[in-house]
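What follows is each chain in one-letter form.
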Amino acid sequence: MLFRSGVSGTVYVNRINKTDSAGTTSIFGGNIILAGSSPLPEINNSGGSALTINSTLSGVNGLVLSGGGPININGANDYSGTTEIYAANLTANNNGAFGTSSVNVNEWSVLKLATSALSNAMTLNGFGLGNGAIQNFLDVTLSGPITLAGDAKIGNRSDWSTMNLTGGITATDKRLTL
């Protein structure tokens, strides 16, 4: 991790990198400012066990989430820009998990929703893993627009939950599997 000290419980971060598989790592308390713009700030979990973010994520430059290990975002965040999900296994546990950012779910990535609603604009570029690029655990409403940049799949993680897509889907010569 690269940190620059801040004030009042605030930490400036341009990269969080978890590489071990020795149990869940949790980050909590205070405010994490996503610093830097080139490259974008990144949270990477290439370890086998979960990385859980309970702190508030702030900033204006967006965020990259990557690595094959599970990443859990539990808090309501207030960052903007674009969230890029690359080869990641990401679970959003809060309606405000992505702040006001747009969300791009890229090939070999999965966004699992354990929340009731998201209003972020989303772009899907791939089928994801298992049940799809976007998967829900609970009844969820996606009210932001969804754009298909490539063929994609959206699916339920359980037989008893529903996903309502109220923001519309835009696609040109792309296939969406439900």
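Shown above is the structure to which this text applies.
Below: a short report on this structure.

Conventions we followed
Residues numbered from 1 in each chain as written. Predicted model: local features only at pLDDT ≥ 70, side-chain atom pairs only at ≥ 80, totals over all residues. Heavy atoms only, no water. Helix = DSSP H or I, 4+ residues; strand = E, 2+ residues; numbered from the N terminus. Rg over C-alpha atoms; globule rule 2.2 N^0.38 Å. Buried < 20%, exposed > 50% of the residue type's maximum accessible area, 1.4 Å probe, protein only. Contact = heavy atoms within 4.5 Å. Areas by Shrake-Rupley, 256 points an atom, 1.4 Å probe, with all protein chains shown as cover. Lys, Arg positive; Asp, Glu negative; His and termini not counted. Charge placed at Lys NZ, Arg CZ, Asp CG, Glu CD. Pairing = 2+ DSSP bridges. 1 Å grid on protein atoms, 1.4 Å probe; cavity = no way out; pocket = protein on both sides within 12 Å on 5 of 7 lines; lining within 4 Å. Points joined across faces, edges and corners; volume = space filled by probe spheres on them. Salt bridge = Lys/Arg side-chain N within 4 Å of Asp/Glu carboxyl O.

**Some remarks on the overall build of the protein**
A tally of helices and strands in the protein yields zero helices and 23 strands. Relative to its length of 178 residues, the protein is compact, with a C-alpha radius of gyration of 16 Å against a globular reference of 16 Å. Overall size of the protein, expressed as C-alpha extent along the three principal axes, is 45 × 30 × 25 Å. Each of the 178 residues in the protein was classed as buried or not, and the buried ones make up 47%. In the protein, the proportion of contacts linking residues at least 24 apart, taken out of those at least 6 apart, comes to 33%. Element-wise, carbon and sulfur atoms account for 51% of the exposed surface of the protein, whose accessible area totals about 8000 Å². Charge separation in the protein, taken as the distance between the mean sites of 8 positive and 9 negative side-chain charges, equals 5 Å.

**Here we look at the pairing of strand 11 (residues 82-86)**
Bridge count between strand 8 (residues 63-66) and strand 11: four bridges; the pairing is parallel. Paired with L63 across the strands is T83, a residue of strand 11. Of the strand pairs in this sheet, strand 11 and strand 13 (residues 102-106) are connected by four bridges, and their pairing is parallel. Across the sheet, the residue bridging to T83 is V103, located in strand 13.

**Examining the sheet that holds strand 17 (residues 134-136)**
With parallel pairing, the eight strands of this open sheet are ordered in space as 3-6-9-12-14-17-20-23. The open sheet terminates on both sides in strands that have one partner only, identified here as strand 3 (25-27) and strand 23 (176-177). As paired elements, strand 12 (residues 89-92) and strand 14 (residues 110-113) share four bridges and run parallel to each other. Within strand 14, the residue paired with T91 across the bridge is K112.

**Describing the sheet that holds strand 21 (residues 163-165)**
The sheet built from three strands is open, its strands ordered 15-18-21 with parallel pairing. This sheet does not close on itself; its edge strands, each paired only once, are strand 15 (117-118) and strand 21. When strand 18 (residues 140-142) meets strand 21, the two strands line up parallel, connected through three bridges. Note that in strand 21 the partner of L142 across the bridge is L165.

**Side note on empty space enclosed by the protein**
Here the structure, examined in full by the defined rule, presents one cavity of 30 Å³ or more. By volume, the largest cavity is sized at about 30 Å³. Taken together, V13, N14, R15, I16, I32, L34, P41, E42 and I43 make up the full set of residues lining the largest cavity. Elements with a contribution of two residues or more to the lining of the largest cavity: strand 2 (10-18), strand 4 (31-34) and strand 5 (42-45). Considering every element that reaches the lining of the largest cavity, the biggest residue donor is strand 2, with four residues.

**Focus on the pattern of salt bridges**
Counting across every chain of the model gives three salt bridges. For the salt bridge of R15 with E42, the shortest nitrogen-to-oxygen distance reads 2.5 Å. Separated by 27 residues along the polypeptide, R15 in strand 2 and E42 in strand 5 bring together distant segments of the chain. Of the charged contacts, one joins R175 and D151 as a salt bridge, the two residues approaching to 3.8 Å between their closest N and O atoms. Note that R175 is positioned in the loop between strand 22 (169-170) and strand 23 and D151 in the loop between strand 19 (146-148) and strand 20 (152-156), a separation of 24 residues in sequence.

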